[in-house]
Amino acid sequence: MLRLDFATPADLAHCRQMIRQGSRSFHLASLLLPANVREYARALYGFCRMADDLVDHSDNAAEAVATLARRLDLIYAGEPVESPTDRAFADVARRFGIPRSVPDALIEGFAWDANRRRYDTLSDVVAYGVRVAGTVGVMMSLIMGQRNPNALARAIDLGVAMQLSNIARDLEEDAKLGRVYVPGDWLREKGCTPKDVLGNAACAADAASRLVTEAEQLYMRARAGIAMLPRSCRASINAARLLYREIGCLAARQGHRGRAVVGGRRKAALVLRAIAEVPALPRSSEVPCLPEGQFLIDDVVKTPLPPSPYQGLGGQMGWVIDMLMAVEARKQ
């Protein structure tokens, strides 16, 4: 049951169109989510996509980042600007008790892009991944009703793994924009410089391969977090895991020659595999959170659960749904 204080059905339709056009992999995975969760997830995607595009396509990226911060101020004040994505995200933030610091960290990652920040170590790259993708993993986990710190740690793992896959796929494209996400110490080991990511095929191929290797460890760790989600959500998130993992693996196999694109038949096979794997997902994980992402979990833990939006006799069914989702989220 959707509860909307700000967004209209047209706003949600706008967000659905954004994910359909912006990410075929995420759109495909979202089809496996329960209807109510799917709409909130697409609303989240719409806001994140809008924010990313605003910075990427602006002639003044620093001003675009400042504009996003002001729009977040209004969202958390309950007065979103006249924008489908802002109204939809205002509902998501209020409904699921998303701490302001989480989307703030997302925007900080965009600011790093705007400043053409360089990353000297893998930890630096992971810190970037935490901001632009781990934050999304945390917010998705909250939308699905899971606030357990261990589950959130695995959501961060999955987000960072996906970002590493993106980096491996887009090395050349990003380098042309002056953005190099390969750790500087990796480049120095090979006698390379940031400019070589664009001009030296061997350097780029080695970087892509190492990024994919690092991502693989996080993809494996993320499985335990998927098992902590409500049963009705597990296949979707596992599908997203496998689809993005395939992007990175394909980029590494191609040796950084051309953009890695997963074909339709392969995607279908991965979705079927994702569904079949769900019963065998590991049920626990003792691995601590990535230290670069611990601050996100700390902020969620400090944020009280939002009150139920359902009141009175007419809202009892919605309250029951909320309760059942919370119970389901706690099942291991």
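Residues numbered from 1 in each chain as written. Predicted model: local features only at pLDDT ≥ 70, side-chain atom pairs only at ≥ 80, totals over all residues. Heavy atoms only, no water.

> Sorry if this is basic, but what is going on with the overall build of the chain here?
On a plain count of helices and strands, the chain comes out with 16 helices and 0 strands. For 332 residues, the compact-globule estimate of 2.2 N^0.38 gives 20 Å, and the C-alpha radius of gyration of the chain, at 19 Å, lies within 12% of that figure. C-alpha atoms of the chain, sized along the principal axes, occupy 70 × 45 × 35 Å. Here the chain, with 332 residues, has 54% of them falling under the buried criterion. Of all intrachain contacts in the chain linking residues separated by at least 6 positions in sequence, the fraction that spans at least 24 positions is 75%. Just so you have it, the chain exposes about 14,600 Å², and 55% of that area is on carbon and sulfur atoms. A distance of 7 Å separates the average location of the 43 positive side-chain charges in the chain from that of its 37 negative side-chain charges. (Helix = DSSP H or I, 4+ residues; strand = E, 2+ residues; numbered from the N terminus. Rg over C-alpha atoms; globule rule 2.2 N^0.38 Å. Buried < 20%, exposed > 50% of the residue type's maximum accessible area, 1.4 Å probe, protein only. Contact = heavy atoms within 4.5 Å. Areas by Shrake-Rupley, 256 points an atom, 1.4 Å probe, with all protein chains shown as cover. Lys, Arg positive; Asp, Glu negative; His and termini not counted. Charge placed at Lys NZ, Arg CZ, Asp CG, Glu CD.)

> Explanation requested: helix α3 (residues 35-56) in the structure shown.
Under the 1.5 Å per step criterion, the end-to-end length of α3 is 31 Å for 22 residues, consistent within 8% with the ideal 32 Å. Here α3 lies mainly inside the structure; 17 of its 22 residues are buried. (Expected span 1.5 Å × (residues − 1).)

> Any chance you could explain the packing of aromatic side chains here in plain terms?
Aromatic ring pairs are reported here in terms of the distance separating the ring centres and the angle at which the planes meet. The final tally for this structure, using the stated rule, is 8 aromatic pairs. Geometrically, the ring pair formed by phenylalanine 26 and tyrosine 45 is edge-to-face, given 6.3 Å between the ring centres and 65° between the ring planes. Here the residue phenylalanine 26 occupies a position in helix α2 (residues 24-30), and tyrosine 45 occupies one in helix α3, the gap between them amounting to 19 residues. Judged by its relative accessible area of 27%, phenylalanine 26 is partly exposed. Arranged with centres 4.8 Å apart and planes meeting at 20°, the rings of tyrosine 128 and tyrosine 181 form a pair that is stacked. Highlighted residues: tyrosine 128 in helix α7 (residues 122-143) and tyrosine 181 in the loop between α9 (171-176) and α10 (184-189), separated in sequence by 53 residues. Under the relative-accessibility criterion, tyrosine 181 is labelled buried at 5%. Grouping aromatic residues by their ring pairs yields a cluster made of Trp112, Tyr119, Tyr128 and Tyr181. Over the ring of tryptophan 112 we find arginine 117, and its NZ or CZ is 3.8 Å from the ring centre. (Phe/Tyr/Trp six-rings, centres within 6.5 Å; stacked < 30°, edge-to-face > 60°. Lys NZ or Arg CZ within 6 Å of the ring centre and 35° of its normal.)

> Explanation requested: the packing of α7 against helix α8 (residues 149-169) in the structure shown.
Packed helix pairs are specified by the crossing angle of their axes together with the interaxial distance, meaning the distance between the axes. It is at 7 Å that the axes of α7 and α8 come closest, and there the two elements cross at 130°. Classified by the angle their axes make, α7 and α8 are oblique. Where α7 crosses over α8, the handedness of that crossing is right-handed. Contacts between α7 and α8 pair Val125, Val126, Tyr128, Gly129, Val130, Val132, Ala133, Gly134, Gly137, Val138, Ser141 and Leu142 from the former with Leu152, Ala155, Ile156, Gly159, Val160, Gln163, Leu164 and Ile167 from the latter. In the contact of α7 with α8, the residues fall into 14 nonpolar, 6 polar and no charged. (Axes fitted to C-alpha atoms, helices over the stretch in contact; angles between N-to-C directions. Parallel < 35°, antiparallel > 145°, perpendicular 65-115°, else oblique. Left-handed = near helix turned anticlockwise from the far one by under 90°. Nonpolar A, V, L, I, M, F, W, Y, C, P; charged D, E, K, R; others polar.)

> What am I meant to see in the state of the cysteines here?
Each disulfide consists of one covalent bond between the sulfur atoms belonging to two cysteines. By the definition in use, this model includes 0 disulfides. Summary of cysteine pairing: cysteine 192 is not part of a disulfide, and the nearest cysteine sulfur, belonging to cysteine 203, is at 3.2 Å. Cysteine 192 gets classed as buried once you look at its relative accessible area, which sits at 11%. Summary of cysteine pairing: cysteine 233 is not part of a disulfide, and the nearest cysteine sulfur, belonging to cysteine 48, is at 17 Å. (Disulfide = S-S within 2.5 Å.)

> What is the right way to look at the confidence of the model for the chain in this model?
Note: predicted coordinates in regions of low pLDDT should not be interpreted at a detailed level. Chain-level pLDDT for the chain is 89 on average; 91% of the residues reach the 70-or-more range. For the chain, helix α16 (residues 316-330) is the element with the lowest average pLDDT, namely 47, and α7 is the one with the highest, namely 98. Here residues 309-323 is modelled with pLDDT under 50, and outside its nearest four sequence neighbours on either side it reaches 15 contacts, counting other chains as well. (pLDDT = per-residue confidence, 0-100.)

> In this structure, what is going on with unusual backbone geometry? I would like to understand it.
Excluding glycine, a negative phi dihedral is what most residues carry, and trans is how most peptide bonds are arranged. In this model, arginine 116 sits at a positive phi of 55°, which is unusual for a non-glycine residue. Note that arginine 116 resides in the loop between α6 (101-114) and α7.

> Sorry if this is basic, but what is going on with α6 here?
What sets the pattern is the α-helix's 3.6 residues per turn: residues three or four places apart point alike. Taking 1.5 Å per residue as the helical rise, α6 with its 14 residues ought to reach 20 Å, and the 19 Å between its terminal C-alpha atoms agrees with that figure. Of all 14 residues in α6, 11 are buried, a share of seventy percent or more. Taken as a whole, α6 has its buried residues at Val102, Pro103, Ala105, Leu106, Ile107, Gly109, Phe110, Ala111, Trp112, Asp113 and Ala114. Those residues of α6 that are buried are in contact with α3, α4 (61-76), α5 (84-96), α7 and α15 (294-302). Within two residues after α6, arginine 116 carries a phi angle of roughly 55°, on the positive side.

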